[in-house]
Structures are given as structure tokens and as C-alpha cells.
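Residue-level structural notes
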Amino acid sequence: MFLLFDRVKHLDVAGPAEVFSEANRRGANYVLRFVSSSGAGVRTSTGLSLSVDAAASKIDHADTVVIPGGDDLPITPIAPELRESTIRLVDLAARVVSVCTGAFLLAEAGKLDGRRATTHWAYTGLLSRVHARVEVAPDAIYVSDGKFYTSAGVSAGIDLALALVELDYGADLARDVARHLVVYLQRPGGQSQFSDLLVRTRSAQDSVRTVVEQVISHPAEKHDLSSLAKCVGLSTRHLARLFQSELGLSPTKFVEQVRLDTAKALLLKGEPVYRVAQRAGFQSPETLRRVFAAQLGVPPSEYQQRFSSARRSSAIASG
């Protein structure tokens, strides 16, 4: 059952709904229903109108409730009637799913207090600040905690829907659905591949872009401030000023972040810690462990166990 509202993100609805519908064509038995607070149809983020089956107040049973996101949810007050509809459906449901900024609606309803959750990478910081009792997992594509399943931005709703199909009907059926929809059954990597770091590296300065490309392409090479400045023919002071002006961080900090993101991606592919340390540019596995402990609060091995694609389906099943 999907809870719809005006300006709901269209893909947050259509993506998971298509996964469940495709699963039905292959033997699953999902009954898709759509409700709104008033029972009236809604207009989505794309301007298309969607009809609904009933008002949320008329619902007395729900196996799975899907709360899609919307651009307005993180930045404008949530209408009382939408909040009440969310509370009603969540209390009825055996399983609750949010897509993208739908997590803000669950959090506003008080349903994520004391739980781990995620949302679109652009809003994880805001969710953590506004709803301090929510334990935000900023790099996860999706997170399970009890009956609550939260996912990252827009297309991550497809990832989570496939994981639920696998949980309900097995890996073979989920794999068939993914193959037909031409999507990953288990997407490699986390949200860091779409993170603000990569957005902020779009510099107008050729010298900064050259350094960025060099570091990202070869994270294991020596990248101290002196060597980076030399490769673009600038003084260390000038390069540091350009980085701060263009990207808002120092060259050294940028190198650290690239190496951390590289290490996370390699761990998610199943690489052993010692090899990850070498390939990501850390001096030793112990250095890698210290950085992970400082930046993420967990050792590399635990990060790999929690989030690697190889273990993702078992993690969601254990809830």
C-alpha cells in the first residue's frame, strides 16, 4: 500500500510499484493499493495525476506500507492530516518502507526515534540535525530496523523493493525481476559514490580539476601537498588557496576523503582489508582501521560485514 500526497516524487512511487508488479508476473502475489489522506487523487512531481483507491482513514489492514518522498518534505511543515495518515498506516502495517525523503515523514511521525534509517545523501545531515533521535546511516542504499525499511534517494526505492521481493519470494525470482527491468539486483557501493564530495569537485579551475582527476584515478600514489602542487606547476600556498576557494577543503583533506571513499568501495566488493589499505593509499591496514574508527565509528571489517553487496540480502533479512 502506497501513501500518496500532492507533489510526491513520481519515481518513488513508480519504481517500487513496477518491481512489485513485475514480480507478480513471475508468480508473486502483491496487491498494490494507493491511498491519500483525503481519498482524492494527487498530482506528482512530474505533473502527472495519480488516482487512489481510498482514504487512509478507511484502511483497517496493511501488510506493507510504502511512504514515498517529495521535495517539500524536508523543507516545509508537514500537513497534520498527512502526519496522521502516516501514523495510522504505520501502526496497522506489518512492514513499513520509506523511499528517499519519505524518511522525514516517518521521523516527523515519531516512528524512527531510536532507530537506524537513511534518506537521500543530500538530506542525511538535515535528517540527523532535525530529528536527533534518529540514528542516520548516511552511506547506506537502504537500512532495516525492526519492521522499518528506509532507502536512499529516488532510484534506491527500486533497490529496496528488489530486496523485499527476495526476502518474500527468494533470490531467483528477484533476480528475474532485476534482469527484466535491467537494473542491479544488488547495487555495488553505497551513497558515497553520489555524495557531495563528487559534486563539489566540479571546479572551474583547470589546475584543481587536474589534481582532482589525478587523486581519484590513482589514490594509492604519493599525494602530499608538495607533489600535488608540482604536478600543476603551482606553489603549495596557491594550490591550497584554490582548493579552499573552489571546493571548500584543503588538498590534504580531499586526498583523505578520496582514499576513504575508495576504501569503502573496495570493501563493498569483498576485498580483504590488507589489500584495501594498499589500493586506497593507506600506509598500513592499521592506518586504515584508525581512519575508519575516526570517520565512521566502525572498523573496516565491520563496515564490510554490514554493507557489502554480498551480505546485503542477509542483513535485511535479519532486520
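Residues numbered from 1 in each chain as written. Predicted model: local features only at pLDDT ≥ 70, side-chain atom pairs only at ≥ 80, totals over all residues. Heavy atoms only, no water.

**What about the nonpolar core?**
With 61 residues, the main nonpolar core has Phe2, Val35, Leu89, Leu112 and Val165 as its most contacted residues. Top contributing element to this core by residue count: helix α5 (residues 156–169), with eight residues. Setting aside residues up to four positions removed in sequence, Val165 forms contacts with Val19, Phe20, Ala23, Tyr30, Gly170, Leu173 and Ala174. Judged by nonpolar contacts, the second largest core, of 15 residues, contains Val211, Ala229, Phe243 and Phe254. (Core = buried A, V, L, I, M, F, W, Y, C linked by side-chain atoms within 4.5 Å. Buried < 20%, exposed > 50% of the residue type's maximum accessible area, 1.4 Å probe, protein only. Helix = DSSP H or I, 4+ residues; strand = E, 2+ residues; numbered from the N terminus. Contact = heavy atoms within 4.5 Å.)

**Things to note about the pairing of strand β10 (residues 142–145)**
Bridge analysis of β10 against strand β11 (residues 148–151) gives four bridges, and the strand direction is antiparallel. Each bridged residue has a counterpart across the sheet, and for Asp145 the counterpart in β11 is Phe148. In sequence, β10 turns back onto β11 through a hairpin of two residues, with Gly146 there showing a positive phi of about 65°. (Pairing = 2+ DSSP bridges.)

**A word on the packing of helix α8 (residues 206–217) against helix α10 (residues 236–247)**
Between α8 and α10, the shortest axis-to-axis distance is 10 Å and the interhelical angle comes to 90°. Between α8 and α10, the crossing angle belongs to the class labelled roughly perpendicular. Two secondary-structure elements touch here, α8 through Ser207, Val208, Val211 and Val212 and α10 through Leu239, Leu242, Phe243, Glu246 and Leu247. The residue makeup of the contact of α8 with α10, split by class, is seven nonpolar, one polar and one charged. (Axes fitted to C-alpha atoms, helices over the stretch in contact; angles between N-to-C directions. Parallel < 35°, antiparallel > 145°, perpendicular 65-115°, else oblique. Nonpolar A, V, L, I, M, F, W, Y, C, P; charged D, E, K, R; others polar.)

**Re the confidence of the model for the chain**
Of all residues in the chain, 89% attain a pLDDT of 70 or more, and the chain-wide mean is 86. Across residues 192–200, confidence stays below pLDDT 50; counting only partners more than four residues off in sequence or on other chains, it has 21 contacts. Note on residues 309–319: pLDDT under 50 across the span, and 23 contacts to partners over four residues away in sequence or across chains. (pLDDT = per-residue confidence, 0-100.)

**With respect to the pairing of strand β6 (residues 62–67)**
With five of its six residues buried, β6 lies for the most part within the structure. The sheet contact formed by β6 and strand β7 (residues 93–98) spans five bridges and is parallel. Counterpart to Ala62 in the pairing with β7 is Ala93. As a crossover connection, the stretch from β6 through helix α2 (residues 80–92) into β7 is right-handed. (Right-handed = clockwise from strand over helix to strand, strands pointing away.)

**A short note on the side chain of Thr150**
Here Thr150 lies in strand β11. Taking relative accessible area as the criterion, Thr150 reaches 1% and is therefore assigned buried. Reaching out from Thr150, the side chain makes a polar contact with the backbone nitrogen of Thr118 at a distance of 2.9 Å. Leaving out residues up to four positions away in the same chain, Thr150 has contacts with Ser98, Leu106, Leu112, Arg116, Ala117, Thr118, Ile141, Tyr142, Val143 and Leu160. (Polar contact = N/O pair within 3.5 Å; in protein donor to acceptor, adjacent residues only side chain to side chain.)

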